[in-house]
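Observations on chain architecture
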Amino acid sequence: MTEISRRTFSGILGGGAAATALGMPFIARAAQPKVVVIGGGAGGGTAARYIAKDSKGGIDVTLIEPSKMYYTCFFSNLYLGGLIDYASTGHTYANLATQGVGVVHDWADNIDRDKKHVHLASGAKVPYDRLIVSPGIDMKYDAIPGYSVEASAKMPHAWKSGTQVQLLKAMVENMKPGGTFVMVPPPNPFRCPPGPYERISMIAHLLKQKNPTAKIIVLDPKENFSKQSLFQEGWEKHYPGMVEWLPVSIAGVINMIDAKAMTIKTDGDTFKADAASVVPAQKAGGIAHKAGLTNQNGWCPIVPQTMQSANDPNIHVIGDSCIAAEMPKSGFSANSQAKVAAMAVRGALTGSKVFEPRFSNTCWSLIAPNDGIKIGAAYTAGADKMESTNNFISKTGEDAALRKQTYEESVGWYDGITKDIFG
Amino acid sequence: MAAILKLVWGLVHLITLSTASTTAVTAADREFGEYLSSQCTACHQLSGNANGIPTIVGLEPLTFVTVMQAYRRRELGNEAMQNIASTLSDDDIKSLAAYFASIKPKTE
């Protein structure tokens, strides 16, 4: 087993990043507290960046992320709608690496909580004084009978971006004229509550251009969903007669998926799809389970004030993996939680000032080109949950100019938050 | 662009009318402002780049305070901004104003 330290990064990183890391005196570094961050998404990227930035070299920060290019889930629906290129949702870690974060492209395989080491798939281990765990979500493939990793190649969940999203787009584009697209949203709680309904909107937009007689059937395991009246008003306005949303009380529970036959059976009916997206129930990313950070529901309980794991005070869990209700699981929430965790970690390791945590979230969604809507809230840390102090949501019947402005704002947000995460 | 012009117009209007002109921001705690600013930087870029969301770096403190108080009173009409402003006290706003005034926009 190899122990990774700053001295070995030159063999792992690109030259520029390694030079930055090695440019600092080793003796000073040896005395530095070590923070390791698992997962380079909206939570992990932000946490690593803010700890490095705000500690001004006082903390040794290592980010462990297997991908060299991170494709954001947020805005992937706009790619499905044909409004943006897939490449525009990709971000590298080059800026983080030059801003004081040691970036290790490897898979965090397990956590030794007693020895405070992260074990990597390569066999190396990385010591930490504080660990930030931000692994996102994993799918509960077996939550829907017949669904599996293999079935997801025929009926993509496309809920972690990447090639699944590209696959889904190709399948929708190749549907026969007048064909049927079936969307199966997940049950609560799940990543990006308005996401399935923005996906429906963007696929409807794509079909309206390329296959206007096609239909979309939504087999929802829920009775209601985020921004429901706004989406349904928008579907009627932009895609009249195309989208049929069926709550579980009408469509019935899904009791079998046959990905080869492209059929979805419910209690009451069998639906034949020409293309489908099936998003199963979700749970915290795998390492959170291996490390014993999850509860019986598969998510990680935390202390809201600091984002520390309820199971281990040396570990902070942020983003979609943690239980941060009333905050939704979103990139914006993860970014907000990361900043609170970063402040708490710096305070614990360097004695820097710690302020009362504040959290916020806004989720923008696009119904059609230039028809943007949003929902958001501010939160404080309660004793055992995030408490919403105030909130807002777009209204039905808003004029086109406001909806266009909301869309343009979302584009600005994407630009802003990706710089806040990836530097 | 229209949104920015609308905001600028709103600023001129509000600065004329506001009683905030007597508000001192010099005593603000810059460190606290920097902490609070992390809520803003999820959208507003520290580089000064503005793309659908206006830049707030390098703003005169009085302008910043006037605008945020107007959002808090719901006199400026962006719900996300009204929402965040309603969580901020006068001291919070002054600290943010001092922090953002101290940041120089970069040209990329």
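What you see is a predicted model; the values in this text were computed from it and never measured. (Residues numbered from 1 in each chain as written. Chains lettered and ligands numbered in written order. Predicted model: local features only at pLDDT ≥ 70, side-chain atom pairs only at ≥ 80, totals over all residues. Heavy atoms only, no water.)

1. Here we look at the overall build of chain B
Inclusion rule: For the purposes of this entry, the term helix denotes a DSSP run of H or I that reaches at least four residues, the term strand denotes a run of E that reaches at least two, and both are numbered from the N terminus. Each residue is assigned to one of three classes by its accessible area relative to the maximum for its type, calculated with a 1.4 Å probe on protein chains only: buried under 20%, partly exposed between the two thresholds, exposed over 50%. The contact criterion used is simple: two residues touch if any of their non-hydrogen atoms lie within 4.5 Å. Computed with a 1.4 Å probe, the accessible areas rest on the Shrake-Rupley method; for each residue, only the protein chains presented here act as cover.
On a plain count of helices and strands, chain B comes out with five helices and zero strands. For chain B, with 108 residues in total, the buried portion stands at 49%. Long-range contacts, defined here as pairs at least 24 residues apart, represent 72% of the contacts in chain B between residues at least 6 apart. Summing over all exposed atoms, chain B offers an accessible surface of approximately 5500 Å²; the carbon and sulfur share of this is 59%.

2. Details of the overall build of chain A
Counted only if it meets this: Computation of the radius of gyration draws on C-alpha atoms alone. For the globule rule, the value is 2.2 Å times the number of residues to the power 0.38. Charged residues are defined here as Lys and Arg on the positive side and Asp and Glu on the negative side; His and the ends of the chain fall outside this count. The atom standing in for a charge is NZ when the residue is Lys, CZ when it is Arg, CG when it is Asp and CD when it is Glu.
Scanning chain A from terminus to terminus reveals 12 helices and 24 strands. Whereas a compact globule of 423 residues would reach a radius of gyration of roughly 22 Å, chain A reaches 22 Å, a difference of no more than 12%. C-alpha atoms of chain A, sized along the principal axes, occupy 70 × 45 × 40 Å. Out of the 423 residues in chain A, the part that is buried amounts to 58%. Residue pairs in contact within chain A that sit at least 24 positions apart in sequence constitute 67% of those at least 6 positions apart. When the accessible area of chain A is evaluated, it comes to approximately 15900 Å², of which 52% is carbon and sulfur surface. Side-chain charges of chain A comprise 42 positive and 37 negative groups, with the mean position of each set lying 5 Å from the other.

3. Some words on the sheet that holds strand β12 (residues 215–219) of chain A
All names here are of chain A. The line we're drawing: Two strands pair under a simple rule: DSSP has to find at least two bridges between them. Note on method: axes are straight lines fitted to C-alpha atoms, helices fitted across the in-contact stretch only, with angles between N-to-C directions ranging 0 to 180 degrees.
The strand order across the open sheet formed by four strands is β13-β12-β11-β17, and the pairing between neighbours is parallel. The outermost strands of the open sheet, each flanked by one partner alone, are β13 (243–246) and β17 (275–278). Here the strands of the sheet are splayed against their neighbours by 10 degrees on average, with no regard to which way each runs. Where strand β11 (residues 180–184) lies against β12, four bridges are found, and the strand directions are parallel.

4. Some thoughts on the pairing of strand β7 (residues 117–120) of chain A
Taken residue by residue, a regular strand's side chains alternate between the two faces of the sheet. All names here are of chain A. The pairing of strand β6 (residues 108–112) with β7 spans four bridges and is antiparallel. Across the sheet, Ala108 pairs through a bridge with Leu120, a residue of β7. Here β6 folds back onto β7, and the loop between the two strands holds four residues, one of which, Lys116, carries a positive phi near 60 degrees. Note that β7 and strand β8 (residues 125–127) share three bridges and pair antiparallel. Among the inter-strand pairings, Val118 is bridged to a residue of β8, identified as Val126.

5. Topic: the sheet that holds strand β16 (residues 270–272) of chain A
Residue and element names in this part refer to chain A. Spatial ordering of the open sheet is given by β14-β15-β16, a layout of three strands whose pairing is antiparallel. Of all strands in the sheet, those with a lone pairing partner are β14 (254–258) and β16, marking the two edges. Between one strand and the next, the sheet's axes are offset by a mean angle of 15 degrees, whatever the strand orientation. Two strands pair when backbone bridges link them, and β14 and strand β15 (residues 263–266) are joined in this way by four bridges, in the antiparallel orientation. Residue Ile257 lies in a different strand from β15, and its bridge partner there is Ile264.

6. Let's talk about the nonpolar core
Definition in use: To define a nonpolar core, start from buried Ala, Val, Leu, Ile, Met, Phe, Trp, Tyr and Cys residues and group those joined through side-chain atoms within 4.5 Å.
Counting residues in hydrophobic clusters, the biggest one holds 109 residues, and the most contacted among them are A:Ile111, A:Val118, A:Ile216 and A:Trp413. Apart from the residues within four sequence positions on either side, A:Ile111 is in contact with A:Ile38, A:His117, A:Tyr128, A:Leu131, A:Val133, A:Ile287, A:Ala291, A:Leu293 and A:Ile315.

7. Observations concerning the interface of chain B and chain A
Interfaces are often sized by the accessible area lost when the parts come together. Put simply, the rule reads: Computed with a 1.4 Å rolling probe, the buried area is the accessible surface lost when two parts are put together, summed over both parts. Note on definitions: salt bridges are taken to be side-chain nitrogens of Lys or Arg within 4 Å of carboxyl oxygens of Asp or Glu. Here the term charged refers only to Asp, Glu, Lys and Arg, the term nonpolar to Ala, Val, Leu, Ile, Met, Phe, Trp, Tyr, Cys and Pro, and the term polar to all other amino acids, Gly among them.
Contacts between the two partners involve 28 residues from chain B and, on the opposite side, 38 residues from chain A. In this assembly, chain B packs against chain A so that about 2500 Å² is buried in total across both faces, 48% of it on carbon and sulfur atoms. Ranking the residues of chain B by area buried against chain A places B:Tyr35, B:Glu79 and B:Asn83 at the top, with a combined share of 24%. Across the contact surface, chain B and chain A share two salt bridges. Across the pair B:Glu79 and A:Lys395 runs a salt bridge whose closest N-O atoms are separated by 2.6 Å. Contributing elements (two or more residues each) for the side of chain B that touches chain A: α1 (2–17), α2 (30–37) and α4 (79–85) of chain B. If one sorts the elements of the side of chain B that touches chain A by residue count, α2(B) sits on top with five residues. The residue inventory of the side of chain B that touches chain A, partitioned by class, reads 10 nonpolar, 11 polar and seven charged.

8. Observations regarding the packing of aromatic side chains
All names here are of chain A. For clarity, the cut-off: Aromatic contacts are taken between Phe, Tyr and Trp rings whose centres are within 6.5 Å, Trp giving its six-membered ring; a plane angle under 30 degrees counts as stacked, one over 60 as edge-to-face, and the others as tilted.
This model, assessed by the stated rule, comprises 23 aromatic pairs over all chains. Ring geometry for Tyr197 against Phe225: centres 3.8 Å apart, planes inclined by 10 degrees, an arrangement best described as stacked. With Tyr197 in helix α7 (residues 195–210) and Phe225 in the loop between β12 and α8 (228–238), this residue pair connects regions lying 28 residues apart in the sequence. On the basis of relative accessibility, which here comes to 8%, the residue Phe225 falls in the buried class.

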